[in-house]
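Geometric and topological summary
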2 protein chains.
Amino acid sequence: MDKLNHYRDCLQSVLEEHYRLSRSALRPKGDEVEPQLIVDREHDHYQLLRVGWRDNTEPIFGCPIHASIKNGKIWIERDQTEYGVANELMDRGIPKEDIVLAFHAPYKRPYTGFAVA
Amino acid sequence: MDKLNHYRDCLQSVLEEHYRLSRSALRPKGDEVEPQLIVDREHDHYQLLRVGWRDNTEPIFGCPIHASIKNGKIWIERDQTEYGVANELMDRGIPKEDIVLAFHAPYKRPYTGFAVA
């Protein structure tokens, strides 16, 4: 279980970093869009969300990052970052074999070099 | 703080019920879409998510329910349920004054009968 807790810590720290960045980013005045950091270590879901209203009229509900831990592996379901959550996780020592690029269709995953499931 | 923990319990139980329903719903074969229950009582975000691939080719990433607790009130940011999360919360005894229908634009909220912020 130590491996799992390490994976949880890694995911959380990746998300916290992006959360800090999105909080400090310049935002137009009157922009009520709020970044949210969501960490559920019990059900093993990890998410960065942007929620709110732009200019009081345009609803914003966007999820730049979503990942889960399933069967000992990290499933990246959504990743809109430039460098890539998978790269950030590998920088923290997590092997490719324990990362699933779930934002790719199942039939494509064997060609990603990452875990299939 | 007791009130807040009660609100957290209420939100969690509403979500758990919908999660159970979506897990037991009939799903077409080969449908790899998974409902996820996300409960983060530390940052106070609560979500129901549907993630996966339909027929191996169509990506599914949908959020039927998302709510947060901010300044002692429950902000319903997203609600695709028929009966309404707000109604479910009121059935559990939570007063309108502590519920924000945040899926309505800020300028509309004074006319909802619920809290404005």
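Residues numbered from 1 in each chain as written. Chains lettered and ligands numbered in written order. Predicted model: local features only at pLDDT ≥ 70, side-chain atom pairs only at ≥ 80, totals over all residues. Heavy atoms only, no water.

**Thoughts on the overall build of chain A**
- Helices and strands together make up the secondary structure of chain A, namely 2 helices and 5 strands.
- Starting at the N terminus and walking to the C terminus, you meet the elements of chain A as α-β-β-β-β-α-β.
- With the principal axes as the frame, chain A shows a C-alpha extent of 45 × 30 × 25 Å.
- For chain A, the proportion of its 117 residues judged to be buried stands at 48%.
- If you take every contact in chain A between residues at least 6 apart in sequence, the share linking residues at least 24 apart comes to 37%.
- A total of about 6,100 Å² of accessible surface is found on chain A, and carbon and sulfur atoms cover 50% of it. (Helix = DSSP H or I, 4+ residues; strand = E, 2+ residues; numbered from the N terminus. Buried < 20%, exposed > 50% of the residue type's maximum accessible area, 1.4 Å probe, protein only. Contact = heavy atoms within 4.5 Å. Areas by Shrake-Rupley, 256 points an atom, 1.4 Å probe, with all protein chains shown as cover.)

**Remarks on the relation of the copies chain A and chain B**
- Superposition record for chain A on chain B: RMSD 0.0 Å, screw rotation 180 degrees, translation along axis 0.0 Å. These values place the two chain copies in the arrangement generated by a two-fold rotation axis. Judged by C-alpha distance, Asp40 of chain A is the residue of chain A that lies nearest the rotation axis, at 2.5 Å.
- Take the interface residues of chain A: 100% of them recur as interface residues in chain B, which is what a same-surface contact looks like. (Least-squares fit on C-alpha atoms with pLDDT ≥ 70 in both.)

**Overview of helix α1 (residues 2-24) of chain B**
- Over its 23 residues, α1 of chain B runs 33 Å from end to end, which matches the ideal 33 Å to within 8%, given 1.5 Å per residue.
- Listing the buried residues of α1 of chain B in full gives Leu4, Tyr7, Arg8, Cys10, Leu11, Gln12, Val14, Leu15 and His18 of chain B. (Expected span 1.5 Å × (residues − 1).)

**Considerations on the pattern of salt bridges**
Residues and elements named next belong to chain A.
- On inspection of all chains with the given rule, the structure shows 12 salt bridges over all chains.
- Residue Arg8 pairs with Asp44 through a salt bridge whose shortest N-O separation is 2.8 Å. One end of the pair, Arg8, is in helix α1 (residues 2-24); the other, Asp44, is in the loop between β1 (34-40) and β2 (45-54), and 36 residues separate them in sequence. The two residues Arg8 and Asp44 agree in class, both being buried. (Salt bridge = Lys/Arg side-chain N within 4 Å of Asp/Glu carboxyl O.)

**Quick notes on the packing of aromatic side chains**
- Evaluation of the coordinates by the stated rule reveals 0 aromatic pairs over all chains.
- It is Lys70 of chain A that lies over the ring of Trp75 of chain A; its NZ or CZ is 3.8 Å from the centre. (Phe/Tyr/Trp six-rings, centres within 6.5 Å; stacked < 30°, edge-to-face > 60°. Lys NZ or Arg CZ within 6 Å of the ring centre and 35° of its normal.)

**A closer look at the side chain of Gln36 of chain A**
- Along the polypeptide, Gln36 of chain A turns up in strand β1.
- Side chain to side chain, Gln36 of chain A and Glu34 of chain A meet in a polar contact 3.4 Å long.
- In this structure the side chain of Gln36 of chain A is engaged in a polar contact, spanning 3.2 Å, whose partner is the side chain of Ser68 of chain B.
- Aside from chain neighbours lying at most four places away, what touches Gln36 of chain A is Tyr19, Gln47, Leu48, Leu49 and Val51 of chain A together with His45, His66 and Ser68 of chain B. (Polar contact = N/O pair within 3.5 Å; in protein donor to acceptor, adjacent residues only side chain to side chain.)

**Regarding the sheet that holds β1 of chain A**
All names here are of chain A.
- The strand order β1-β2-β3-β4-β5 describes an open sheet built from 5 strands, whose pairing is mixed. Only two strands of the sheet have a single neighbouring strand rather than two, namely β1 and β5 (99-100).
- Bridge count between β1 and β2: 7 bridges; the pairing is antiparallel. Among the inter-strand pairings, Ile38 is bridged to a residue of β2, identified as Gln47. (Pairing = 2+ DSSP bridges.)

**Concerning the interface of chain A and chain B**
- Contact residues are listed per partner, giving 28 residues for chain A and 28 residues for chain B.
- Summed over both partners, the interface of chain A with chain B comes to about 2,200 Å²; 59% of that surface belongs to carbon and sulfur atoms.
- Along the contact surface separating chain A from chain B lie 2 salt bridges.
- Two residues, Glu34 of chain A and Lys70 of chain B, come together in a salt bridge whose shortest N-O distance is 3.1 Å. (Buried area = accessible area lost by both parts, 1.4 Å probe.)

**Some details on unusual backbone geometry**
- The residue Asp55 of chain A is not glycine, and still its phi comes out positive at about 55 degrees.
- Within the secondary structure, Asp55 of chain A sits in the loop between β2 and β3 (58-70).

**Focus on the sheet that holds strand β4 (residues 73-79) of chain B**
Residue and element names in this part refer to chain B.
- The sheet built from 5 strands is open, its strands ordered β1-β2-β3-β4-β5 with mixed pairing. Only two strands of the sheet have a single neighbouring strand rather than two, namely β1 (34-40) and β5 (99-100).
- In this sheet, strand β3 (residues 58-70) lies alongside strand β2 (residues 45-54) in antiparallel orientation, the contact comprising 9 bridges. The partner of Tyr46 across the bridge, within β3, is Ala67.
- On top of the sheet, α1 reaches β1, β2, β3 and β4; it is set at about 175 degrees to β1, its chief contact. (Axes fitted to C-alpha atoms, helices over the stretch in contact; angles between N-to-C directions.)

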